[in-house]
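# Architecture at a glance
Here's the letter readout for the chains.
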Amino acid sequence: TPLRVLRHPHYRMIWIASFGSNVGGWMEMVGVQWVMAEATLAPAWVEAGRPSAPVMMGYLAVAQMAPVLLLGLVGGVVSDRVNRKKLLLITQFLMMLIAIGLAIDAALGDISPAVLMLLGALHGVVMAFNMPAWGVLTPRLVPREDLADAIVLNGLQFNMARVVGPALGGVLMGWTGATGLFVINAVSFIGVQLAISRTPDAPAPPRREGSSAWRELREAFAFAFRERGPLALTLAIFAFSMLATPLLRMLPIVVHDVYKADADAFGLLLAFMGAGAVTGALTVRMIPAWYPRHHFIPLSVVGGGLAMGATAAAPSFALAAICIYFCGVFWMWVFNSSFAALQLLVDDRMRGRVMSIVNVLSFGAMPLGA
């Protein structure tokens, strides 16, 4: 099973620390989304003629993701030119500072939609440089024959956090308010930084003589858009990112306004989706080896669309929870299979650049969809 990959000590440290950080990240997301929904659904906001709650959720998505769209390619070039370990340590530290700022604002009662968007934008800037460096971390911690299993395990860890984080966040928010969630997320970065500091050094890979940043980007674009396999995978990731992520963006409004429920219910729906994603991670390996991935990935995209349509049409909270569980299954199948295939196809020399291109398209599609 993929769990055997945990025998690699450096990968195991990163996996455990990332789980803790992702739990904190999902808890923070519950707090941010709920605070934004409450603020923009409040009578004072509505009566002032300000943009509606769904529009503000779209603005929040743009603030968080637009920096990745604008700077992601720069981040990819940087990650292939500098020490990747040092880059990760710097970006993780900066994200911790932003999380601390969010916690302090919430504790002072000074949090507002404008503050949420400003801090979200700063986080997006740092993420543009963190993502390509993080994307090349796993391939240097495990041998190639274990890479596919490691990517499956990464997805399993992320979605286990999606189960634990929102469910725990929904409960804790009733006790501590959003401030407690933001504090937990800020503290979780410490474990990740300690784990990264213990991994082997990762100097920049050798560059071709006379190679310019523009030439290196052209090479990565040619790989992503001219090669048939990478092109199909890139398109699948882009389409699903644009059409699926609005489900998460608008969910707190649906819970608040349609089902007349509170943050506990929002966290519960996210936990159901996370449970579906964990199921997807555990079952994706049950697909027979002879079944072609170029069939499985588009079928998963279609299945995800049908499950989201059913979730949107669900007349009751209980039925929505069942439907969103299957959204999680297909979500995992699409992203896990697509990114695993890309990691196996790309050469390490341009891995950072190629993954940054795909991440830019994926994260750029999210605010577009919202």
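Structure: see above.
As the structure is a prediction and not an experimental result, all values here were calculated from the model.

## Let's talk about the overall build of the protein chain
Assigned secondary structure in the protein chain consists of 13 helices and 0 strands. Along the protein chain, helices (α) and strands (β) appear in the sequence α-α-α-α-α-α-α-α-α-α-α-α-α when read from the amino end. For a compact globule of 370 residues, the expected C-alpha radius of gyration is about 21 Å, and the protein chain comes in at 20 Å, within 12% of that figure. The 370 residues of the protein chain split such that 54% are buried. Sequence separation of 24 or more characterises 86% of the internal contacts of the protein chain that already satisfy a separation of 6 or more. As displayed, the protein chain has an accessible area near 15900 Å², and 70% of this comes from carbon and sulfur atoms. Charged side chains of the protein chain number 25 positive and 19 negative; the gap between the two group centres comes to 10 Å.

## A short note on unusual backbone geometry
With a phi close to 55 degrees, Lys-260 is a non-glycine residue in the positive phi region. For Lys-260, the position within the fold is in the loop between helix H9 (246-258) and helix H10 (263-283). With a relative accessible area of 64%, Lys-260 lands in the exposed category.

## Let's talk about a nonpolar patch on the surface
Taken together, Ile-90, Phe-93, Leu-94, Leu-97, Ile-100, Ile-104 and Leu-108 make up a surface patch of nonpolar side chains, about 640 Å² in accessible area. Within the secondary structure layout, Ile-90 lies in helix H4 (residues 84-107).

## Topic: the packing of helix H6 (residues 147-197) against helix H12 (residues 317-345)
Geometry of a packed helix pair, given as the angle between the helix axes and the separation of the axes. Where H6 meets H12, the closest approach of the two axes is 9 Å, and the angle between their N-to-C directions is 150 degrees. Crossing geometry of H6 relative to H12 is assigned as right-handed. In contact with Leu-147, Ala-148, Ile-151, Val-152, Gly-155, Leu-156, Asn-159 and Arg-162 of H6, H12 contributes Trp-331, Met-332, Asn-336, Phe-339, Ala-340, Gln-343 and Leu-344. Split by residue class, the contact of H6 with H12 holds 10 nonpolar, 4 polar and 1 charged.

## Quick look at the side chain of Asn-185
Note that Asn-185 resides in helix H6. If we ignore the near neighbours within four places in the chain, the residues touching Asn-185 are Ser-21, Gly-24, Gly-25, Glu-28 and Ala-99.

## Focus on the environment of Met-273
Note on placement: Met-273 falls in helix H10. As a C-alpha pair, Met-273 and Ile-322 span 49 residues in sequence and 8.8 Å in three-dimensional space. With residues up to four places along the chain from it excluded, the contact list for Met-273 reads Arg-162, Leu-247, Leu-248, Ile-324, Tyr-325, Cys-327, Gly-328 and Trp-331.

## Regarding the packing of aromatic side chains
The full count for this structure, using the stated rule, is 10 aromatic pairs. Consider the rings of Phe-296 and Trp-333, whose centres lie 5.3 Å apart with planes at 50 degrees: the pair is tilted. Pair noted here: Phe-296 is in helix H11 (residues 293-313) and Trp-333 is in helix H12, with a separation of 37 residues, a long-range link. Residue classification places Phe-296 among the buried positions, given a relative accessible area of 6%. Of the aromatic side chains, those joined through ring pairs into one cluster are Phe-240, Trp-331, Phe-335 and Phe-339.

## Thoughts on the packing of H4 against helix H5 (residues 113-135)
With their axes 9 Å apart at the nearest point, H4 and H5 run at an angle of 165 degrees to one another. Between H4 and H5, the angle is such that the two are roughly antiparallel. As H4 packs across H5, the resulting crossing turns out to be left-handed. Contacts between H4 and H5 pair Arg-84, Leu-87, Leu-88, Thr-91, Gln-92, Leu-94, Met-95, Ile-98, Gly-101, Leu-102 and Asp-105 from the former with Val-115, Leu-116, Leu-119, Leu-122, His-123, Val-126, Met-127, Phe-129, Asn-130, Ala-133 and Trp-134 from the latter. Class assignment for the residues of the contact of H4 with H5 results in 15 nonpolar, 5 polar and 2 charged.

About the thresholds
- Residues numbered from 1 in each chain as written.
- Predicted model: local features only at pLDDT ≥ 70, side-chain atom pairs only at ≥ 80, totals over all residues.
- Heavy atoms only, no water.
- Helix = DSSP H or I, 4+ residues; strand = E, 2+ residues; numbered from the N terminus.
- Rg over C-alpha atoms; globule rule 2.2 N^0.38 Å.
- Buried < 20%, exposed > 50% of the residue type's maximum accessible area, 1.4 Å probe, protein only.
- Contact = heavy atoms within 4.5 Å.
- Areas by Shrake-Rupley, 256 points an atom, 1.4 Å probe, with all protein chains shown as cover.
- Lys, Arg positive; Asp, Glu negative; His and termini not counted.
- Charge placed at Lys NZ, Arg CZ, Asp CG, Glu CD.
- Patch = residues over 30% accessible without salt bridge, like charges linked within 9 Å, V, L, I, M, F, W, Y side chains within 5 Å.
- Salt bridge = Lys/Arg side-chain N within 4 Å of Asp/Glu carboxyl O.
- Axes fitted to C-alpha atoms, helices over the stretch in contact; angles between N-to-C directions.
- Left-handed = near helix turned anticlockwise from the far one by under 90°.
- Nonpolar A, V, L, I, M, F, W, Y, C, P; charged D, E, K, R; others polar.
- Phe/Tyr/Trp six-rings, centres within 6.5 Å; stacked < 30°, edge-to-face > 60°.
- Parallel < 35°, antiparallel > 145°, perpendicular 65-115°, else oblique.

So yeah, pure geometry; function would need other evidence.
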